[in-house]
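Inside the fold
The chain contents come next:
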Amino acid sequence: MVGQCGMLKEHEQVLKKNRIILAKQLVPTELLQHLLAEDIITEEMLEIIQCKSGNFNQNVELLNLLPKRGPYAFDVFCTALRETKQEHLEKMLRLRIPVQETNMPKTIPDFEPNLPVATKISDSFSPPKKPRRTEPMECSLDDGDGSPNLSIQPCTIDFYNKHGHMAYQMQSSPRGLAIVISNVKFEGNRDLEDRSGGNVDYEALNTLFVNFGYTVKILHNLKALDMQNQLEEFSRLPDHRLLDSCIVSLLSHGVDGAIYGVDGKLLQLQDVFSIFDNAKCPNLQNKPKMFFIQACRGEETDRGVDQLDGKERSESPGCEQSDAGKEEQLKVRLPTSSDMICGYACLKGTAAMRNTKRGSWFVEALTSVFTEHAKDTHVADMLVKVNAVIKEREGYAPGTEFHRCKEMSEYCSTLCKDLYLFPGIYPHK
């Protein structure tokens, strides 16, 4: 049977049923040129597609056009997939054509299904539809399995005496309280896939934070509202008043600016930060608060670019200077939010990578760098080193969109002093 504008109905149906997978995994650049050469799309259509930002949106536009391009569009599209080394997608489509219309066996490969919308905690805002994100398993580039053996190198007394007076106070025992929320099992929620390898991350972070002298609370598989309630309860603990810092680490699926609970609802990161600001958490005023977020911040896979010949160029972000306040009031005034630093696994709009045996790229790099360098490097500089490690890493998964994929971590900071962890230094003991 011929569908709208000539495409066979079964071909139109298989494109529709696998729309989300195709929109996420197609690599369009060379593919579009093949379709243009075969007159499946026109120059004008090519311009319309390329005007869209990012691979996902370009792929959506292409999938809107294909069913209207005649009875041969599907076969030409599949041929173009094969010629652009995207055979896994061609195979998926051909296997999923209804059996009654073909002689092919009804064997369904393990690809991800379509995903309904995830909702935010608040009913006042409905986020755009978020297809289920299967974080790729980056094939192991070495033989290491599981979390590494973390042996913290201690700080020397000489280094502490030289730098301690210019840095945030870090003398209390314990150093502070830490909370790690790890969402791995999204049972009963078809929207989100279980995060294989997530257990490696929380175990590594627990070991790291304990070795730095923190009292750590680990929570597993929480709904979004429960995450918020647990963080609020944690922020109100009276022990914060006696300790020098705190750590919050969230490990889950996510989108830009929010993180998923296991119920598929979103907790906004700005709400998380506000829980620990100077107004709502006075016990942590003027004390450093560290946040580490392992979650996707979008759907785009960073394909990377080839480096030009010659030396690398690096640019440092500009420093924004603010005017000092006038001392006109009796009490010292603080900005609502300050003394925070947050490390993100990836850039806005991009996906975070995770290995099912070794855990996420970001947490693996974070634990390795902090273990080696905390003895004489402050946290902001260690996060720069984490960026450098992530920059050099590359996915290995031939035949998928994740082959040679890249990731780039980042951090943001409102710290007002150097933040050294001074491992092993307890002046009052």
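Summarised in this report is the structure supplied together with it. Counting starts from 1 at the beginning of each chain's written sequence and moves along it residue by residue. Restriction of local features to residues with pLDDT of at least 70 applies here, the model being predicted, together with a cutoff of 80 or more for giving and counting side-chain atom pairs; totals for whole chains, interfaces and linings are based on all residues. The basis for every side-chain value is the complete set of non-hydrogen atoms in the structure, without hydrogens or water.

In this text, helices come from DSSP runs of H or I with a minimum length of four residues, and strands from runs of E with a minimum of two, each type numbered from the N-terminal end. Across its full length, the protein chain carries 13 helices and 12 strands. Think of it in three bands: residues with accessible area under 20% of the maximum for their type are buried, residues over 50% are exposed, and the middle band is partly exposed, with areas taken using a 1.4 Å probe on protein chains only. The buried share of the protein chain, taken over its 429 residues, is 49%. Each accessible area value is a Shrake-Rupley result obtained with a 1.4 Å probe; residue values ignore everything except the protein chains displayed when judging cover. As displayed, the protein chain has an accessible area near 22,300 Å², and 49% of this comes from carbon and sulfur atoms.

Our next topic: the packing of aromatic side chains. Ring geometry is summarised as follows: Phe, Tyr and Trp rings, the Trp one being its six-membered ring, pair when their centres sit within 6.5 Å, and such pairs are stacked at plane angles under 30 degrees, edge-to-face over 60 and tilted between the two. Applying the stated criterion across every chain, the model contains 9 aromatic pairs. Relative to F422, the ring of Y160 lies with its centre 4.9 Å away and its plane at 85°, an arrangement referred to as edge-to-face. Taken together, the residues span a long stretch of sequence, with Y160 in helix α8 (residues 157–163) and F422 in the segment after β12 (410–413) at a distance of 262 residues. Residue classification places Y160 among the buried residues on the basis of a relative accessible area of 13%. Under the relative-accessibility criterion, F422 is labelled buried at 0%. Centre to centre, the rings of F276 and F291 are 5.7 Å apart; their planes meet at 75°, and the pair counts as edge-to-face. One end of the pair, F276, is in the loop between α11 (269–275) and β8 (289–294); the other, F291, is in strand β8, and 15 residues separate them in sequence. Summarising the burial analysis for this pair, F276 and F291 share the class buried. An aromatic cluster of three or more residues is present, and its members are F159, Y160, Y420 and F422.

As a further point, take the sheet that holds strand β2 (residues 176–182). Only strands joined by at least two bridges in the DSSP assignment are considered to pair. Strand order in the open sheet formed by 6 strands is β3-β2-β4-β8-β9-β12, and the pairing between neighbours is mixed. Of all the strands in the sheet, just β3 (214–220) and β12 have a single pairing partner and so form its edges. Pairwise comparison of adjacent strand axes, ignoring direction, gives a mean angle of 10° for this sheet. Bridge count for strand β9 (residues 340–344) against β12 is 4 bridges, and the pairing is antiparallel. Each bridged residue has a counterpart across the sheet, and for C342 the counterpart in β12 is C412. Strands in contact with helix α13 (residues 379–392) are β8, β9 and β12; relative to β12, the strand with the most contacts, it is inclined by about 160°. Each axis is a line fitted through C-alpha atoms, and for a helix only the stretch in contact is used; angles between axes span 0 to 180 degrees, taken between their N-to-C directions. Contacts are assigned to residue pairs that have any heavy atoms within 4.5 Å of one another.

The subject of this paragraph is the state of the cysteines. Disulfide: a pair of cysteine sulfur atoms within 2.5 Å of each other. As enumerated under the stated definition, the model contains 0 disulfides in all. Note on C296: no disulfide assigned, nearest cysteine sulfur contributed by C346 at a separation of 5.8 Å. Classification of C296 as buried rests on a relative accessible area of 2%.

Residue P174 is bonded to the preceding S173 through a cis peptide linkage, with omega at 5°. Residue placement: P174 occurs in the loop between α8 and β2. In this structure, K85 is a non-glycine residue whose phi angle is positive, near 60°. On the secondary structure map, K85 appears in the loop between α6 (73–83) and α7 (87–96). The phi angle at N286 is positive, at roughly 65°, despite the residue not being glycine.

This part takes up the pairing of strand β4 (residues 245–251). By the criterion of burial, β4 is predominantly enclosed, with 7 of the 7 residues buried. Residues S245, I247, S249 and L251 line one face of β4 and the alternating positions C246, V248 and L250 line the opposite face, and both faces are buried. Two elements, β4 and β8, share 6 bridges in a ladder whose sense is parallel. Of the residues in β8, the one forming a bridge with L251 is Q294.

Right, let's get into the packing of α6 against α7. Where α6 meets α7, the axes come as close as 7 Å, and the angle between the chain directions of the two elements is 145°. In this structure, α6 meets α7 at a crossing whose hand is left-handed. Taking contact as the criterion, the partners of F74, D75, F77, C78, L81 and R82 in α6 are, on α7, E87, L89, E90, L93 and R94. Ten residues, namely Ala, Val, Leu, Ile, Met, Phe, Trp, Tyr, Cys and Pro, are considered nonpolar, four, namely Asp, Glu, Lys and Arg, are considered charged, and the remaining ones, Gly among them, are considered polar. When grouped by side-chain class, the residues that make up the contact of α6 with α7 number 6 nonpolar, no polar and 5 charged. Handedness of a crossing follows from how the near helix is turned relative to the far one, being left-handed for an anticlockwise turn of less than a right angle and right-handed for a clockwise one.

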